[in-house]
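Here is how the chains run, residue by residue.
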Amino acid sequence: MTSRNFDDFIRRDTEREIAHHERTVAKKQPPPQKPPAPLPTAQFLSQVPDKPLTWLWPGRIPLGHLTLLDAAPGSGLSLLALTLAACVSSGSPLPDGTPTQQGHVLLLAPYDSPTDILKPRLEAAGGDPTHLLLVCPLVVDTSRTFARTRSYTFPHDLDHLAGLIRSLNARLVIIDPASAIPGLSRSLPALVDLARQTNCAILLTRSLHQSPADPFHSPGPSSFQVEVFWYAPEGA
């Protein structure tokens, strides 16, 4: 064996010994510890500061909260939601004549065509298209003739939505319908928290499978049921 071959043999043997030692040490080291999960907190209601409720639509849609708008099938739920968007985007009175402040609106309506449904309806309702931002499906592959897109999903795209709300200081977010966004039902607490942090009204629409039961009135396609989800801010 020449001197050079011997040196190469020693080097390779040394490298094998070092690698073997590193693997042995790695096996003996304990797995990294996950940080402990935060514990629930509790406080007396007397410790919660008073905060007056502010409204986008008085008595119906509060700012900084999540609102669920239920409607009977065929009652024009999406049209009502877009009418609200038109009022806020232009600063024109709300459907009951209540004055409103102009502001930006974010709309997630993946089932409706922007060109021949959403824009014509918004303009017909007197809305301002420059104050309505349509959140579109995300393009994931532009290399093909027919571009591939993926749906907006929660909680994956919550940070993106939060960034849009903050950058525009949006007053209203409409998700029409709520069932169109995968993962939304599991992300309701996060949406509630997002509404609180940004003081934005978030409106979710949901079409009922049948008209809501009413023992005093005959159910009809024009009846609406509005529910407001209240949220107590953390650490308040």
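Fair warning: this is a prediction, and the values are worked out from it, not measured in the lab.

**Describing the packing of aromatic side chains**
Step number 1: Under the definition given, this model contains one aromatic pair.
Step number 2: Between Tyr152 and Phe154, the ring centres sit 6.0 Å apart and the planes meet at 75°, which makes this aromatic pair edge-to-face. There is no split in this pair, since Tyr152 and Phe154 are both buried.
Step number 3: Directly above the ring of Trp57 sits Arg60, whose terminal nitrogen or CZ lies 4.8 Å from the centroid.

**A short note on the confidence of the model for the protein**
Step number 1: For the protein, the mean per-residue pLDDT works out to 82, and 74% of the residues sit at or above 70.
Step number 2: pLDDT under 50 marks residues 218-236. Its contacts with residues more than four places away, or in other chains, come to 47 contacts.

**Focus on unusual backbone geometry**
Negative phi characterises most residues that are not glycine, and trans characterises most peptide bonds.
Step number 1: A cis geometry characterises the amide bond from Phe154 onward to Pro155, with omega recorded as 5°.
Step number 2: Tracing the sequence through the fold places Pro155 in the loop between strand E7 (148-150) and helix H4 (158-168).
Step number 3: Residue Pro177 follows Asp176 across a cis peptide bond; omega there is -5°.
Step number 4: Positive phi, close to 55°, is recorded for Asn199, a residue that is not glycine.
Step number 5: Note on placement: Asn199 falls in the loop between helix H5 (188-198) and strand E9 (201-207).
Step number 6: A residue is classified by how much of its surface remains accessible, and Asn199, at 38% relative accessible area, is partly exposed.

**Thoughts on the side chain of Thr100**
Step number 1: With respect to the helices and strands, the residue Thr100 is situated in the loop between helix H2 (77-90) and strand E4 (105-108).
Step number 2: The buried category is assigned to Thr100, whose relative accessible area is 13%.
Step number 3: If near-sequence neighbours (up to four positions away) are discounted, Thr100 is found in contact with Leu56, Cys87, Gly91, Ser92 and Leu94.

**Things to note about H2**
Step number 1: With 14 residues, H2 should reach 20 Å at 1.5 Å per residue; the first-to-last C-alpha distance of 20 Å fits that figure.
Step number 2: Looking only at H2, the buried set comprises Leu77, Ala81, Leu82, Leu84, Ala85, Ala86, Cys87, Val88 and Ser89.
Step number 3: Gly91 sits one or two positions beyond H2 and adopts a positive phi of about 75°.

**A short note on the pairing of E9**
Step number 1: Where burial is concerned, most of E9 is hidden: five out of the seven residues are buried.
Step number 2: Both strand E3 (residues 66-71) and E9 contribute to a ladder of six bridges, which runs parallel. Bridge pairing in E9 links Asp70 to Arg206.
Step number 3: By the bridge criterion, four bridges tie strand E8 (residues 172-175) to E9 in an arrangement that is parallel. What sits directly across from Val173, in E9, is Ile202.

**Observations concerning the packing of H2 against helix H3 (residues 114-124)**
Step number 1: Running from N to C, H2 and H3 point in directions that differ by 55°, and their axes come no closer than 9 Å. What the angle tells us is that H2 and H3 run oblique. Both H2 and H3 take part in a crossing whose hand is right-handed. Within the contact between the two elements, H2 uses Leu79, Leu82, Ala85, Ala86 and Ser89 and H3 uses Leu118, Arg121 and Leu122.
Step number 2: Taken together, the residues of the contact of H2 with H3 sort by class into six nonpolar, one polar and one charged.

About the cut-offs
Think of each chain on its own: its residues are numbered from 1, step by step along the sequence as written. Reporting in this predicted model follows two pLDDT cut-offs: at least 70 for local features of residues, and 80 or more for side-chain atom pairs to be given and counted; totals over whole chains, interfaces and linings ignore these cut-offs and use all residues. In computing side-chain values, all of the structure's heavy atoms are included and hydrogens and water are not. Any two rings among Phe, Tyr and Trp, with Trp reduced to its six-membered ring, count as a pair given centres within 6.5 Å; such a pair is stacked if its planes are under 30 degrees apart, edge-to-face if over 60, and tilted if neither. Buried, partly exposed and exposed residues are distinguished by accessible area as a fraction of the type maximum, computed with a 1.4 Å probe on protein chains only: under 20%, between the cut-offs, and over 50%, respectively. We count a charge as sitting over a ring when the NZ of a lysine or the CZ of an arginine lies within 6 Å of the ring centre and within 35 degrees of the ring normal. Known as pLDDT, the predictor's confidence for each residue is given on a scale from 0 to 100. Working rule for contacts: check all heavy atoms of both residues, and any pair within 4.5 Å makes them a contact. Every helix listed is a DSSP run of H or I at least four residues long, and every strand listed is a run of E at least two residues long, numbered separately from the N terminus. Here the expected length of a helix is defined as 1.5 Å per residue gap, with one fewer gap than residues. Two strands qualify as a pair provided that DSSP identifies no fewer than 2 bridges between them. Orientation is described by lines fitted to C-alpha atoms, with helices fitted over the stretch in contact, and by angles between N-to-C directions that extend from 0 to 180 degrees. Roughly parallel means an angle under 35 degrees; roughly antiparallel means over 145; roughly perpendicular covers 65 to 115; every other angle is labelled oblique. Helix crossings fall into two classes, left-handed where the near helix is turned counterclockwise from the far one by less than a right angle and right-handed where it is turned clockwise. Polar here means any residue other than Ala, Val, Leu, Ile, Met, Phe, Trp, Tyr, Cys and Pro, which are nonpolar, and Asp, Glu, Lys and Arg, which are charged; Gly is therefore polar.

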